[in-house]
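So you can see what is in the structure, the chains are spelled out below.
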Amino acid sequence: MTKPLTLIKSHASNPKLWVVIGVTVAGIVVLAETRRRRRKAMLMNREDFGAFVERFEILPFPQPPPPAAKQSLSGLTFAIKDIFDVKDYVTGFGNPDWRRTHDVAENMAVVVTALLKNGATCVGKTVMDELAMGITGENMHYGTPINPQMPSFVPGGSSSGSAVAVASELVDFALGTDTIGCIRIPAAFCGIFGCRPSHGAVSMIGAIPNSQSLDTIGWFARDPSVLHRVGHALLQLNAVEPRRARLLIFADDLFQLSKVPKQKTECVISKAIGNLSGYQLPKHMKLGQYIASNVPSLKGFHEESTKLQNGTSALKALSSVMISLQRYEFKANHEEWVKSVKPKLAPDVSNHVLAAINTKYENIKMLYKVRTEMRACLQSLLKDDGILVFPTVADPPFKLNTKKVYSAESHDRALILSAIASMSGCCQVTIPLGKHDGCPISVSFISYHGADKFLLDTVLDMYSSLQEQVGIVSNLAPFPDSNGNFDASELLKEKGNAAFKGKQWNKAVNYYNEAIKLNGSSATYYCNRAAAYLELGCFQQAEEDCSKAISLDKKNVKAYLRRGTARESLLCYKEAAQDFKHALVLEPQNKVASNAERRLRKLMS
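As recorded in an unreviewed UniProt entry, the chain goes by Amidase domain-containing protein and comes from Manihot esculenta.

Participant: Is there a simple way to think about the sheet that holds strand 5 (residues 193–196) in this case?
Facilitator: Two modes of strand pairing occur in sheets, parallel and antiparallel, and in both the strands are linked by backbone hydrogen bonds. Pairing is mixed across the open sheet formed by 11 strands, whose spatial order is 1-3-2-4-6-5-10-11-9-7-8. Each end of this open sheet is capped by a strand with a single partner; those strands are strand 1 (52–58) and strand 8 (283–285). Direction aside, the axes of adjacent strands within the sheet are offset by 25 degrees on average. As paired elements, strand 9 (residues 386–391) and strand 11 (residues 439–447) share 4 bridges and run antiparallel to each other. Residue pairing across strands places Pro391 opposite Val443, the latter belonging to strand 11.

Participant: Could you clarify how one ought to interpret the UniProt feature "repeat: TPR" (unreviewed entry) in the chain in this entry?
Facilitator: Per the UniProt entry, the sites bearing "repeat: TPR" (unreviewed entry) are residues 489–522, 523–556 and 557–590 in this numbering. Along residues 489–522 the backbone is 79% helical and 0% strand, and the end-to-end C-alpha distance reaches 10 Å. Note that residues 557–590 is 79% helix and 0% strand, and that its end C-alpha atoms are spaced 10 Å apart.

Participant: Quick question: what am I supposed to make of unusual backbone geometry here?
Facilitator: With glycine set apart, most residues show a phi of negative sign, and most peptide bonds adopt trans. In this structure, Ser158 follows Gly157 across a cis peptide bond, with omega equal to 15 degrees. Mapped onto the fold, Ser158 is located in the loop between strand 3 (121–126) and helix 5 (160–167). Residues other than glycine seldom take positive phi values, yet Phe49 does so here, at roughly 55 degrees. Within the secondary structure, Phe49 is located in the loop between helix 2 (15–45) and strand 1. Given a relative accessible area of 12%, Phe49 falls into the buried group. The residue Glu169 is not glycine, and still its phi comes out positive at about 65 degrees. Positionally, Glu169 belongs in the loop between helix 5 and strand 4 (173–178).

Participant: How do you make sense of helix 15 (residues 452–469) when you look at a structure like this?
Facilitator: Note on helix geometry: an α-helix contains 3.6 residues per turn, so any two residues three or four positions apart are oriented the same way. Taking 1.5 Å per residue as the helical rise, helix 15 with its 18 residues ought to reach 26 Å, and the 25 Å between its terminal C-alpha atoms agrees with that figure. Tyr463 marks the point of greatest bend in helix 15, at about 45 degrees. With 13 of its 18 residues buried, helix 15 lies for the most part within the structure.

Participant: Hey, could you run me through the pairing of strand 7 (residues 247–251) in this one?
Facilitator: Side-chain direction in a regular strand flips from residue to residue, so the side chains alternate between the two faces of the sheet. Buried residues dominate strand 7, accounting for 5 of its 5 residues. In strand 7, alternate side chains face the same way, and those of Leu247, Ile249 and Ala251 on one face and Leu248 and Phe250 on the other are all buried. Of the strand pairs in this sheet, strand 7 and strand 9 are connected by 4 bridges, and their pairing is parallel. Considered in strand 9, the bridge of Phe250 is made with Val389. Judged from the 3 bridges that link them, strand 7 and strand 8 form a sheet pairing that is parallel. The residue bridging Ile249 from the neighbouring strand is Lys283, located in strand 8.

Participant: Please clarify how helix 9 (residues 266–274) should be interpreted in this entry.
Facilitator: Residues of helix 9 that are buried include every one of Glu266, Val268, Ile269, Ala272 and Ile273, and no others. Buried residues of helix 9, seen end-on, are gathered within an arc of 165 degrees and therefore sit on one face of the element.

Participant: I tried to follow the pattern of salt bridges on my own but got confused; where do I start?
Facilitator: Between side chains of opposite charge, a pair can form when the charged atoms approach closely. Overall, the coordinates contain 20 salt bridges when judged by the stated rule. When the shortest N-O distance is used, the salt bridge between Glu54 and Arg99 registers 3.7 Å. Of this pair, Glu54 sits in strand 1 while Arg99 sits in helix 3 (residues 96–100); the two residues are 45 residues apart in sequence, bridging distant segments of the chain. According to the relative accessible area criterion, Arg99 is partly exposed, its value standing at 22%. Of the charged contacts, one joins Lys493 and Glu490 as a salt bridge, the two residues approaching to 3.4 Å between their closest N and O atoms. Taken together, the positions of Lys493 and Glu490, both in helix 16 (residues 486–501) and 3 residues apart, correspond to about one turn of that helix. Residue class for Lys493 comes out buried when judged on its relative accessible area of 12%. The exposure class of Glu490 is partly exposed, given its relative accessible area of 24%. One network of salt bridges, with partners in common, ties together Lys259, Glu543, Arg563, Arg567 and Asp579.

Rules of the game
Every residue gets a number counted from 1 within its own chain, in the order that chain's sequence is written. Residue-level local features of this predicted model are given only where pLDDT is at least 70; pairs of side-chain atoms are given and counted only at 80 or more, and the full residue set underlies all totals for whole chains, interfaces and linings. Excluded from the side-chain calculation are hydrogens and water; included are all heavy atoms of the structure. For two strands to pair, DSSP has to find at least two bridges joining them. Secondary structure elements follow DSSP: runs of H or I of four or more residues count as helices, runs of E of two or more count as strands, with numbering from the N terminus. Fitting a line to C-alpha atoms yields each axis, with helices limited to the stretch in contact; the angle taken between N-to-C directions then spans 0 to 180 degrees. UniProt positions are given in the numbering used here, feature names are shortened, and annotations may be inferred rather than shown by experiment. To sort residues, take the accessible area from a 1.4 Å probe on protein chains only and compare it with the maximum for the residue type: under 20% means buried, over 50% means exposed, and anything in between is partly exposed. Here the expected span of a helix is defined as 1.5 Å times the quantity of residues minus one. Think of it this way: the bend at a residue is just the angle between two axes, each fitted to seven residues, one set ending at that residue and the other starting at it. The directions from the helix axis to the C-beta atoms form the arc being described. Any Lys or Arg side-chain nitrogen located within 4 Å of an Asp or Glu carboxyl oxygen qualifies as a salt bridge.

Structure representation (structure tokens):
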């Protein structure tokens, strides 16, 4: 035994000793917290928030003499992701080994030249995920840019430095690329606007490719008018276009994936358009079911083991096709370099790269067929006036400098939401809508391929009204929990059961609603309503009802089974597995719970 421990043991009964120990421990805790806060303050005070890998200044082309119109981006500054060529500079692709093995660029990227011609000044290159193979924004070589909205959390990637440069007001706008969410995710995490234009709408000449079928050049801005001006410059849009009515379509099943309350997203948007002219009454739909019915080639990619609702299964299949396509094209582009140089990569990036390089790809034509069908599917849905609305991200970012990374289900949700535009080639804008629990909230608007001006005009038209609604929408009132007449509530429950058996799910929900209003203390009513919600694909409502039922009756096996089903459909595998395990504790021979628990264990592994 060490001397200090011997001393403590021999004086253990002395109260003064414990006072000294307590004061010492408290002092250590205070010192650690002080150092943590100082370190955080130092990070926040860093001149560039760690956004830049290289600083320089490239002045715009000369302003044309009068009477020529003033350049549209005159006076604005911008930064570019370290994926774009700048003459006489090496393009680093986020990795020192890439920078070391490549020469300086002989030409300027087409997109950078376009911005300089329109009067903007370039001030440097920004940090990115290595080889654009990530969505967190971390870089072990150059450091992770600091998210100004949430300094202790990742900024999102792969265009992390560009997003941070805009969010921290170091530049007016910034360029990035988007393959599987690399503009949209950091825009959401940093609380700014992000635009992924229609695939092929902006020239990729002078940008290192990741996956040509998915790659687009996008941009960030804090202000919708700047986002709009940059879009007009890059897309060479006409200033005037006949005004047409707009129809917003809410993807209810995608909102189910997010934990942000509806009143902070859907209700804000609905109220905003209510104050504007030229907007039709919004519609609601299950996008997953629509895609399952209209993208027939996806059926070959559904997971055989899954028993998810058809729509959720189709969305997961779409995201898996996206990743397969990215890996196949990344391998074609960079396999030779990876094998010859053997670059030093962060562990997660290395895993992505090795998965791409080592996978043998079969039936490649089917990947491209899904992409073609997906574009036609969205065109048929949106026509010439539709705008699809859904959350940009489902989960908040995870903390920096921890061993925690995205869980399998969080990663799945992120890719599902990104796959809609990536696989259809449609244009998408990420729009900030304030905060929830300290984390930025955003929604995405998608319009059909080629409708970039229509979409950018819509965002500019709506945003002031959206701002008015943000923060003023009150919480939805909960269902009254009053004790009503028992016989009446039981009668309503039986009517609900009859409607359920007749597959009239909405009617069943309405009957259960009325029963709960009369008697809010019955676990059965909530559990039955959850069953109807499951049939309707309203998984979040089903989960909430089951949680209420369990709080009223801890031994309600059906509630655990139904909550497990809802959580699995929401891609919360760990929580779903716990529910099925709990059902097995209550009923050890329950085959439904046993099969589900085994299936989830396989999914998580």
